Amino acid sequence: DGGITQSPKYLFRKEGQNVTLSCEQNLNHDAMYWYRQDPGQGLRLIYYSQIVNDFQKGDIAEGYSVSREKKESFPLTVTSAQKNPTAFYLCASSTWTGVYSPLHFGNGTRLTVT
Amino acid sequence: QQPVQSPQAVILREGEDAVINCSSSKALYSVHWYRQKHGEAPVFLMILLKGGEQKGHDKISASFNEKKQQSSLYLTASQLSYSGTYFCGTEISNSGYALNFGKGTSLLVTP
């Protein structure tokens, strides 16, 4: 079955360490996205990519970095510069046909930094 | 710009109706609606496009008022399975920019 896989489900890190969250999709979708979810804040866009080797900053990109070397993969690195990294991170993908198609979300990674 | 959702939370008895609203300060090209159950990924419900085209989902319907830049989600004869947090995602132009989501509306349906 096609879908989006995020790993790991839970991640714990010490302050000052960089950490990379994995996101893989086998839906053959062109576009991929990273959202951050905090209680009561909805989903806030971190980065998105519409094609391989290209990506754009979202509303809260500071302290994060991404790469899109393959269509299937869009890893997110939370750097030590991110001041409040503890959150639930959601990866999503969609096709682009001139009219936005639904976003397909992964099950998320809950990151805790202490 | 994050769209504004209202109400923030609602509690219903099974069989009652509910309306969730989503407003934007920018002209909208499309509005998406998603439902998220606790600890799970958001799931797509429907898209409403500028010009009135609507793609629905079961017994849940929605409207899109282009003049007011508002969308409303209608849940009729609510079921226990409707419980969750509902998010609207807005697209301000057909330019390929990603969706901006509201803060969500928590819906609890009780027996």
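Structure's up top.
Residues numbered from 1 in each chain as written. Chains lettered and ligands numbered in written order. Predicted model: local features only at pLDDT ≥ 70, side-chain atom pairs only at ≥ 80, totals over all residues. Heavy atoms only, no water.

We now examine the interface of chain A and chain B. The partner chain B presents 22 residues to the 25 residues of chain A that form the contact. A buried area of about 1,900 Å², summed over both sides, lies between chain A and chain B, and 58% of it is on carbon and sulfur atoms. One can count zero salt bridges joining chain A with chain B. If you list the elements that add at least two residues to the side of chain A that touches chain B, you get β4 (31-38), β5 (42-51) and β9 (87-94) of chain A. (Contact = heavy atoms within 4.5 Å. Buried area = accessible area lost by both parts, 1.4 Å probe. Salt bridge = Lys/Arg side-chain N within 4 Å of Asp/Glu carboxyl O. Helix = DSSP H or I, 4+ residues; strand = E, 2+ residues; numbered from the N terminus.)

A few words on the packing of aromatic side chains. Tallied over the full model, the rule gives ten aromatic pairs over all chains. Ring centres of A:F105 and B:Y34 lie 5.8 Å apart, and the angle between their planes is 90°; on these two criteria the pair is classed as edge-to-face. Here the residue A:F105 occupies a position in strand β10 (residues 104-105), and B:Y34 occupies one in strand β4 (residues 30-36), the pair thus bridging two chains. When sorted by exposure, A:F105 lands in the same class as B:Y34, which is buried. Put simply, the rings of A:Y33, A:Y35, A:Y48, A:F105, B:Y34, B:F44 and B:F101 touch in pairs and so form one group of aromatic residues. Positioned over the ring face of A:F74 is A:R68, at 6.0 Å from the centre of the ring. (Phe/Tyr/Trp six-rings, centres within 6.5 Å; stacked < 30°, edge-to-face > 60°. Buried < 20%, exposed > 50% of the residue type's maximum accessible area, 1.4 Å probe, protein only. Lys NZ or Arg CZ within 6 Å of the ring centre and 35° of its normal.)

On to the pairing of β9(A), then. All names here are of chain A. Along β9, eight of the eight residues are buried, which leaves the element largely enclosed by surrounding structure. Burial along β9 is two-sided: the face carrying A87, Y89, C91 and S93 and the face carrying F88, L90, A92 and S94 are both buried. Strand direction decides the pairing type here: β9 and β10, joined by two bridges, are antiparallel. When the sheet's bridge partners are listed, S93 is paired in β10 with H104. (Pairing = 2+ DSSP bridges.)

Ranked by internal contacts, the top residues of the largest apolar core, which has 20 residues, are B:W33, B:L73, B:L75, B:Y86 and B:L107. For this core, the secondary-structure elements that each account for two or more residues are β3 (18-23), β4, β5 (43-49), β7 (60-65), β8 (70-75), β9 (84-91) and β11 (105-110) of chain B. (Core = buried A, V, L, I, M, F, W, Y, C linked by side-chain atoms within 4.5 Å.)

With an omega of -10°, the peptide bond between A:S7 and A:P8 qualifies as cis. Along the polypeptide, A:P8 turns up in the loop between β1 (4-7) and β2 (10-13). In this structure, B:P7 follows B:S6 across a cis peptide bond, with omega equal to -10°. Examined against the element boundaries, B:P7 turns out to sit in the loop between β1 (4-6) and β2 (9-13). Unusually for a residue other than glycine, A:N28 sits at a positive phi of about 60°. Residue A:N28 is classed as exposed on the basis of its relative accessible area of 56%. Positive phi, close to 50°, is recorded for B:A77, a residue that is not glycine. Locating B:A77 in the fold gives a position in the loop between β8 and β9.

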